[in-house]
Amino acid sequence: MGFETGILFAFLALIFWGFGDFLIQKSTRKFGDWETLFVISIFGTIILFPFIFKDLASLFPFNREFWILIGVSLIILFAAILDFEALKKGKLAVIEPVLALEVPVSVILAFVIIKENLSLINLILISLIVVGLSLVGIKSYHLSKKRWIEKGVFLGVLGSIFMGATNFFVGFASRITDPLLTNWFIDIFLTLICLIYLLFAGKLRKIVKDIKNNKKLLFTVSTLDNGAWIFFAISATLAPIAIVVALSESYIALAVLLGLLINKEKLMKHQKVGLVISFISVIILAILASG
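**Topic: the overall build of the protein chain**
Secondary structure summary: the protein chain contains 14 helices and 0 strands in total. Traced from its N-terminal end to its C-terminal end, the protein chain shows the element sequence α-α-α-α-α-α-α-α-α-α-α-α-α-α. Residue burial in the protein chain is summarised as follows: out of 291 residues, 55% are buried. Summarising the internal contacts of the protein chain: among those between residues at least 6 apart in sequence, 88% fall at separations of at least 24.

Pasting the structure below:
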């Protein structure tokens, strides 16, 4: 597999994330943040185990890779809870663009830690993506009433910082270990943390009942979210992490479209302009990257 395959996997990640976030919003509103995260994580733990059990010995006795994966797992735990809570409280079409702020976080980390460099045109395009999508998160009446941001956006901003770090470190960990092993380790870590929380909160019996009564929804959201992270991790081992993050973030456009068409969410004129700017920038960046 080469660079072009990495770009293809980045686009597969954006498709899975686009539909996945749409269903995650539905799931968090119906079941809760921790419950949704638990189901997604335990699904990934079970499905990936047959593919990675032979590699588990490489992580012990608690070597550098093990502690890197622990760090990544902690970051994604905070990122996921903040992300899910933002999606639960805010409009999908508004929260998703705010999460694009994770792009510059990933790009900066890639530059500082592993010295990934981008061309000037790539930096300009990535900046346009972030600016365009950020416009979608602000409505004009907020300026006059000093209610600057849509409901849930502050959580989305904070979540995007953690998720930006997660994107980079998942890619970094996948390079020094293995994409599937990285995803499985994160899944089992999150499963254990969520299990402890649900047990002490007295919600374990409820989530078992919810799983039995909502198999289709929870199976679909778990498949999409785990699939997206697997595609992303593989892509990050084949192409520059900064490019992979920028391309896969175009899942935001798909998630916004789903919010508009299915949830009947409405965007103002300047929000639509921002979406168009970011969408065109993503297309150009994809063409330049694959060329």
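**Structural notes on the side chain of threonine 45**
Mapping threonine 45 onto the fold places it in helix α2 (residues 33-52). Taking relative accessible area as the criterion, threonine 45 reaches 13% and is therefore assigned buried. From its side chain, threonine 45 meets the backbone nitrogen of isoleucine 188 in a polar contact 3.3 Å long.

**So, helix α1 (residues 3-30)**
For α1, built from 28 residues, the straight-helix expectation of 40 Å at 1.5 Å per residue is met to within 8% by its first-to-last C-alpha distance of 40 Å. After α1 finishes, the residue glycine 32 shows a positive phi value of roughly 115 degrees.

**Structural notes on the packing of aromatic side chains**
Under the counting rule described, the total for this entry stands at 14 aromatic pairs. Pairing tryptophan 17 with tryptophan 229 gives two aromatic rings, centres 4.9 Å apart and planes at 90 degrees, and the pair type is edge-to-face. Of the two residues, tryptophan 17 sits in helix α1 while tryptophan 229 sits in helix α11 (residues 215-238), which places them 212 residues apart along the sequence. The exposure class assigned to tryptophan 17 is buried, which follows from its relative accessible area of 6%. Aromatic pair phenylalanine 49 and phenylalanine 53: ring centres 6.0 Å apart, planes at 35 degrees, arrangement tilted. Classification of phenylalanine 49 as partly exposed rests on a relative accessible area of 38%. Residue classification places phenylalanine 53 among the partly exposed residues on the basis of a relative accessible area of 42%. Through a chain of ring-to-ring contacts, three or more aromatic side chains come together here, namely Phe9, Phe16 and Phe231.

**A short note on helix α9 (residues 179-200)**
Compared with an ideal rise of 1.5 Å per residue, which puts 22 residues at 32 Å, α9 spans 32 Å between its outermost C-alpha atoms and is within 8% of the ideal. In this structure aspartate 178 caps α9, since a side-chain oxygen of it lies 3.0 Å from the backbone nitrogen of leucine 180. Two residues or fewer after α9 comes glycine 202, characterised by a positive phi angle close to 70 degrees.

**A word on the nonpolar core**
Residues Phe232, Leu247 and Leu285 are the most contacted members of the largest nonpolar core, which totals 84 residues. Not counting residues up to four positions away in its chain, the partners in contact with leucine 247 are Ile7, Ala10, Phe11, Leu14, Val282, Leu285, Ala286 and Ala289.

**A word on unusual backbone geometry**
At lysine 115, a position not held by glycine, the phi torsion is positive, near 60 degrees. Within the fold, lysine 115 resides in the loop between α5 (102-114) and α6 (120-136).

**Points about empty space enclosed by the protein**
With the rule as written, the count across this model stands at 2 cavities of 30 Å³ or more. Approximately 300 Å³ is the volume attributed to the largest cavity. Along the wall of the largest cavity there are 25 residues; nearest its centre are Trp17, Ile76, Met163, Asp225 and Trp229. At the level of secondary structure, the elements contributing two or more residues to the lining of the largest cavity comprise α1, α2, α3 (64-89), α8 (153-176), α9 and α11.

Scoring rules and cut-offs
Residues numbered from 1 in each chain as written. Predicted model: local features only at pLDDT ≥ 70, side-chain atom pairs only at ≥ 80, totals over all residues. Heavy atoms only, no water. Helix = DSSP H or I, 4+ residues; strand = E, 2+ residues; numbered from the N terminus. Buried < 20%, exposed > 50% of the residue type's maximum accessible area, 1.4 Å probe, protein only. Contact = heavy atoms within 4.5 Å. Polar contact = N/O pair within 3.5 Å; in protein donor to acceptor, adjacent residues only side chain to side chain. Expected span 1.5 Å × (residues − 1). Phe/Tyr/Trp six-rings, centres within 6.5 Å; stacked < 30°, edge-to-face > 60°. Core = buried A, V, L, I, M, F, W, Y, C linked by side-chain atoms within 4.5 Å. 1 Å grid on protein atoms, 1.4 Å probe; cavity = no way out; pocket = protein on both sides within 12 Å on 5 of 7 lines; lining within 4 Å. Points joined across faces, edges and corners; volume = space filled by probe spheres on them.

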